[in-house]
Amino acid sequence: LDVFEYALDVPMALYGAVPVVTAVHRWPGGAPATASGFFLPNPSEGFVKVDKAHGDGTPTWWLFESGVLDAFMFAGPTPQAVLEQYHTVTGWGRFPPISTLGKHQSRWNYVDTADSIAVNTKFDQHDIPYDVLWLDIEHTDGKKYFTWHPSHFAKPNELLDALAADKRKLVTIIDPHIKKDSGYDVFNQLKNMDFMTKTKSGQQYDGWCWPGTSFYPDFCNPDMRIQWTKFFALDYYPHNRPDLYTWNDMNEPSVFNGPEVTMPRDNLHKCHTGSYGVEHRDVHNVYGFYHHMATVQGQLARAPNVRPFVLTRSFFAGSHRHGAVWTGDNMARWGHLARSVPMIVSLCLCGISFSGADVPGFFYDPEPELFRRWHQLGIWYPFYRGHAHLETKRREPWMLGDEITYMVREQVTVRYQLLPTWYTLFAEWAGSGLPILRPLWYHSLDDKQAFEHANDHFLVGESILVRAITEAGTKRLNVYLPPGEWFDFWDAKLPPKTGERAISVDAHSERVPVYVKAGHILFKKMRRRRSAGAMAGDPYTIVVYGQQAKGRVYVDDGDSHAYHEGTFIYDEFEFDGAALHSRAAPPLLAFGTAKGLPDTPTRHLRVERVVFVGLPRRPVSARLSRAGGEPDLLQVTAEEAQGGLWVATVKKPTGHLGSQWSLELVF
């Protein structure tokens, strides 16, 4: 349902539903805890209530308005096994273009073409990377989708060309409600083809939404979805391009004058049948799912070898097959910042890893401290978008003064430096179902303390721990570290902290607490560029944490479907305490075996430095070896860290991703 200014901590419906629960089982006699899953894919309006634990378990209550009961039980025994089993039922995630992993900049609404180009230019002037600019409903001609405003956006090619020159992208909004207008071709075609949702009496249904009187296409009808794809054709949608992305909003569907702000439950659909015989109540929760699907298919029909990107507000189980989801119309309030963590982590546990919350809140004007803290957290969301309501003050980073501009620049730079790591996490999600964000207990079910910190801590992959700062004026806070040793992400010279306990840390004004688990390897690109596309040829930095460590990195062309044919690199690196070895990683379940990138210049795959964090001894030199060749002798710079450890850097090690080599440290 479309809930205006939704409240927190109330059992009311919101924009989407994924009726799946992961359960953790504790066994007598000290046996390790296990996990299982229960999935009930009923697309009518439903509620799942989780009671407080009592007695021998935690009861759950499942209520659906109509339909049949098809249930799936996933035996686990680990959370990851549950998710893999869930993905075998619902499908694998859609692998997005790499540009969409960067920063997104949106507002309802940028005024016109000149305003939009000015925003793009000022990001460069302030040296802040970003990748995607968004246009809300006012960019259209009278809120008729697949059109442009005749005066404010009369020359959209000027904007598209400016963005393309910076290797950036544009998103336009395309909602499901279609304005009743005899001069509007989309409306005329769908009406004349009898593709609209109908009332219980068989008339084409109309309701009220942004354009005024609107009709609602029957997205449950596969013939209607085929017609929808044709509106994305390059010769139909004016100024369309193969990489013009899409935003699907209001697709619950939202009907301002309808019951519960949606369409009547006795409306009728033609769902894979010969007649309008399916009531809306039976398929309410997949209306937006099918709108999302049809839009993705439209982009694929437009340019089959270009990865689509479509953001949706409404979702259901399996929406991860289509694209990204966000948490809707939140508020610039501390409570909404805090709640974004369990909301997004929960989505990731339901397969929808490409998700995020609007930063720093959609409604209202954020105070400067909230603005800072939310961007510091937002760089760790899988989907990182700044967005704002029509009535709010302009809040591009430079609008809040030099100090905040500097902070945003540095934090966004961290996001972009870690793009190789983020991209690998997305590949492992789309290829094997691994969630991108994970609760602290995900890898340590027997750590009961980890469950107490699920609302303000999370893991990025397996290696990075993030602690949100969720209250104004915070000076110190506790950070819970799961079992293991944890290095400070922001200062590699600090000694690692022992886990399975909470530590007290100062709340730094420029960042949130972030830690990296010993035994892991991060992959980075250190140069600050204007966009992900501008970084494509930059060299890699490998950062090894601990005295023994493993890590994987995935690389492909970033925007095509060639990876379906194995055109990608997926390497595993392992440090044994003396040498770092590279080799091919085990295949991803949905991608198959990596066959390399024969058309990518080798210089785009080179490693420019390897950093070893937490060495017990100081290395004096290094040598890189390849099969059948003489070793290359390399220099090492080493800095003494606290706790008797060392941070050593090997520059220009002459290694490349996609080839096997070993880098040995000489002590």
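Scroll up a little and you will see the structure.
Residues numbered from 1 in each chain as written. Predicted model: local features only at pLDDT ≥ 70, side-chain atom pairs only at ≥ 80, totals over all residues. Heavy atoms only, no water.

### Overview of the overall build of the chain
A count of helices and strands for the chain gives eleven helices and 40 strands. For the chain, whose C-alpha radius of gyration is 25 Å, the value lies close to the compact-globule estimate of 26 Å for 667 residues. Projected onto the principal axes, the alpha-carbon positions of the chain cover approximately 80 × 65 × 50 Å. Counting over 667 residues, the chain shows a buried share of 59%. Taking contacts inside the chain between residues at least 6 apart in sequence as the whole, the part at least 24 apart equals 72%. Taken as a whole, the chain presents about 25500 Å² of accessible surface, with 51% of it coming from carbon and sulfur. (Helix = DSSP H or I, 4+ residues; strand = E, 2+ residues; numbered from the N terminus. Rg over C-alpha atoms; globule rule 2.2 N^0.38 Å. Buried < 20%, exposed > 50% of the residue type's maximum accessible area, 1.4 Å probe, protein only. Contact = heavy atoms within 4.5 Å. Areas by Shrake-Rupley, 256 points an atom, 1.4 Å probe, with all protein chains shown as cover.)

### A few points about unusual backbone geometry
Trp108 connects to Asn109 through a cis peptide bond whose omega is 5°. With a phi close to 60°, Asp9 is a non-glycine residue in the positive phi region. Relative to the helices and strands, Asp9 resides in the segment before strand E1 (16–17). Phi at Phe146 is positive, roughly 70°, even though this residue is not glycine. Overall, Phe146 belongs to the buried group, its relative accessible area being 4%.

### Notes on the sheet that holds strand E26 (residues 485–488)
Spatial strand order, E22-E23-E24-E29-E26-E27: six strands in an open sheet with antiparallel pairing. If you trace the sheet from one side to the other, it starts and ends with strand E22 (437–438) and strand E27 (497–498), each paired once. Relative to E27, E26 is paired through two bridges, and the arrangement is antiparallel. Bridge assignment links Glu485 to a residue of E27, and that residue is Thr498. (Pairing = 2+ DSSP bridges.)

### Observations concerning the sheet that holds strand E11 (residues 206–209)
Strand order in the open sheet made by the three strands is E10-E12-E11, with antiparallel pairing throughout. What marks the edges here is a single partner per strand, and that holds for strand E10 (178–179) and E11. Both E10 and strand E12 (residues 212–215) contribute to a ladder of two bridges, which runs antiparallel. By the bridge assignment, Lys179 is partnered in E12 with Ser214.

### A word on the nonpolar core
Note that soluble globular proteins tend to have their nonpolar side chains buried in a common cluster. In terms of nonpolar packing, the biggest core is built from 162 residues, with Trp228, Trp380 and Tyr554 touching the most fellow members. Excluding residues that lie within four positions of it along the chain, Tyr554 makes contacts with Phe95, Tyr423, Thr424, Ala427, Tyr563, Phe568, Ile569, Tyr570, Leu588 and Phe591. Ranked by size, the runner-up nonpolar core spans 30 residues in total, among them Phe575, Val610, Leu624 and Leu657. (Core = buried A, V, L, I, M, F, W, Y, C linked by side-chain atoms within 4.5 Å.)

### Things to note about the pairing of strand E29 (residues 514–517)
The side chains of a regular strand alternate between the sheet's two faces. With three bridges connecting them, strand E24 (residues 464–467) and E29 associate as antiparallel partners. Each residue of the ladder has a partner; that of Val466, found in E29, is Val514.

### Here's the deal with helix H5 (residues 222–230)
Those residues of H5 lying buried are Met224, Arg225, Gln227, Trp228 and Thr229. Tucked into the core, H5 has its buried residues touching E10, helix H4 (185–192) and helix H7 (287–302). One side-chain oxygen of the residue at the start of H5 lies 2.9 Å from the amide nitrogen of Asp223, identifying that residue as Asn221. (Polar contact = N/O pair within 3.5 Å; in protein donor to acceptor, adjacent residues only side chain to side chain.)

### Examining helix H3 (residues 156–165)
For H3, every residue scored as buried is listed here: Pro156, Leu159, Leu160 and Leu163. Down the axis of H3, the sector holding all buried residues measures 95°, keeping them to one side. Remark: Lys167 follows H3 within two positions and exhibits a positive phi of approximately 60°. (Arc of directions from axis to C-beta.)

### A few points about the packing of aromatic side chains
Under the definition given, this model contains 52 aromatic pairs. Between Phe219 and Tyr287, the ring centres sit 5.6 Å apart and the planes meet at 85°, which makes this aromatic pair edge-to-face. One end of the pair, Phe219, is in the loop between E12 and H5; the other, Tyr287, is in helix H7, with 68 residues separating them in the sequence. In this structure Phe219 comes out as buried when scored by relative accessible area, which is 0%. (Phe/Tyr/Trp six-rings, centres within 6.5 Å; stacked < 30°, edge-to-face > 60°.)

### Some remarks on a nonpolar patch on the surface
Taken together, the side chains of Trp208, Trp210 and Phe256 define a hydrophobic patch exposed on the protein surface, amounting to about 300 Å² of accessible area. Following the sequence through the fold, Trp210 ends up in the loop between E11 and E12. (Patch = residues over 30% accessible without salt bridge, like charges linked within 9 Å, V, L, I, M, F, W, Y side chains within 5 Å. Salt bridge = Lys/Arg side-chain N within 4 Å of Asp/Glu carboxyl O.)

### Topic: the pairing of E24
What you see with E24 is no split at all: Ile464 and Val466 on one side and Leu465 and Arg467 on the other are buried throughout. Across four bridges, strand E23 (residues 457–460) lies against E24 in antiparallel orientation. Looking at the pairing, Val460 lines up with Ile464 of E24. Connecting the antiparallel pair E23 and E24 is a turn made up of three residues, with Gly461 showing a positive phi of about 65°.

### Looking at the state of the cysteines
Here, disulfide denotes a covalent bond that connects the sulfur atoms of two cysteines. Enumeration over the complete set of coordinates arrives at zero disulfides. The thiol of Cys220 is unpaired, and the distance to the nearest cysteine sulfur, on Cys271, comes to 3.4 Å. Overall, the relative accessible area of 1% leaves Cys220 in the buried class. We classify Cys271 as buried; its relative accessible area is 15%. (Disulfide = S-S within 2.5 Å.)

### Brief notes about the environment of Glu565
Residue placement: Glu565 occurs in the loop between strand E32 (549–555) and strand E33 (569–575). Taking the relative accessible area as the measure of exposure, Glu565 reaches 58% and is therefore exposed. For the pair Glu565 and Phe591, spaced 26 residues apart in the sequence, the C-alpha separation amounts to 8.2 Å.

### Brief notes about the side chain of Thr140
With respect to the secondary-structure elements, Thr140 resides in the loop between strand E8 (132–135) and H3. Residue Thr140 is classed as buried on the basis of its relative accessible area, which comes to 2%.

### As for the environment of Leu370
Along the chain, Leu370 turns up in helix H9 (residues 368–378). In sequence terms Leu370 and Thr470 are 100 residues apart; their C-alpha atoms lie 8.7 Å from each other. Aside from chain neighbours lying at most four places away, what touches Leu370 is Ala332, Arg333, Trp334 and Leu337.

### Concerning the packing of H5 against H7
Close contact between H5 and H7 brings their axes to 8 Å; oriented N to C, the two are set at 45°. In terms of orientation, H5 and H7 fall into the oblique class. Both H5 and H7 take part in a crossing whose hand is right-handed. Contacts from Arg225, Trp228 and Thr229 in H5 reach Tyr290, His291, Met293, Ala294, Thr295, Gln297 and Gly298 in H7. (Axes fitted to C-alpha atoms, helices over the stretch in contact; angles between N-to-C directions. Parallel < 35°, antiparallel > 145°, perpendicular 65-115°, else oblique. Left-handed = near helix turned anticlockwise from the far one by under 90°.)

### Re the packing of H9 against helix H10 (residues 402–417)
If you want to describe how two helices pack, look at the angle between their axes and the distance between the axes. Contact geometry for H9 and H10: axes closest at 9 Å, N-to-C directions at 10°. Our classification of the angle between H9 and H10 gives roughly parallel. Two secondary-structure elements touch here, H9 through Pro368, Phe371, Arg372, His375, Gln376 and Gly378 and H10 through Ile404, Met407, Val408, Gln411 and Arg415. Of the residues belonging to the contact of H9 with H10, the class tally is five nonpolar, four polar and two charged. (Nonpolar A, V, L, I, M, F, W, Y, C, P; charged D, E, K, R; others polar.)

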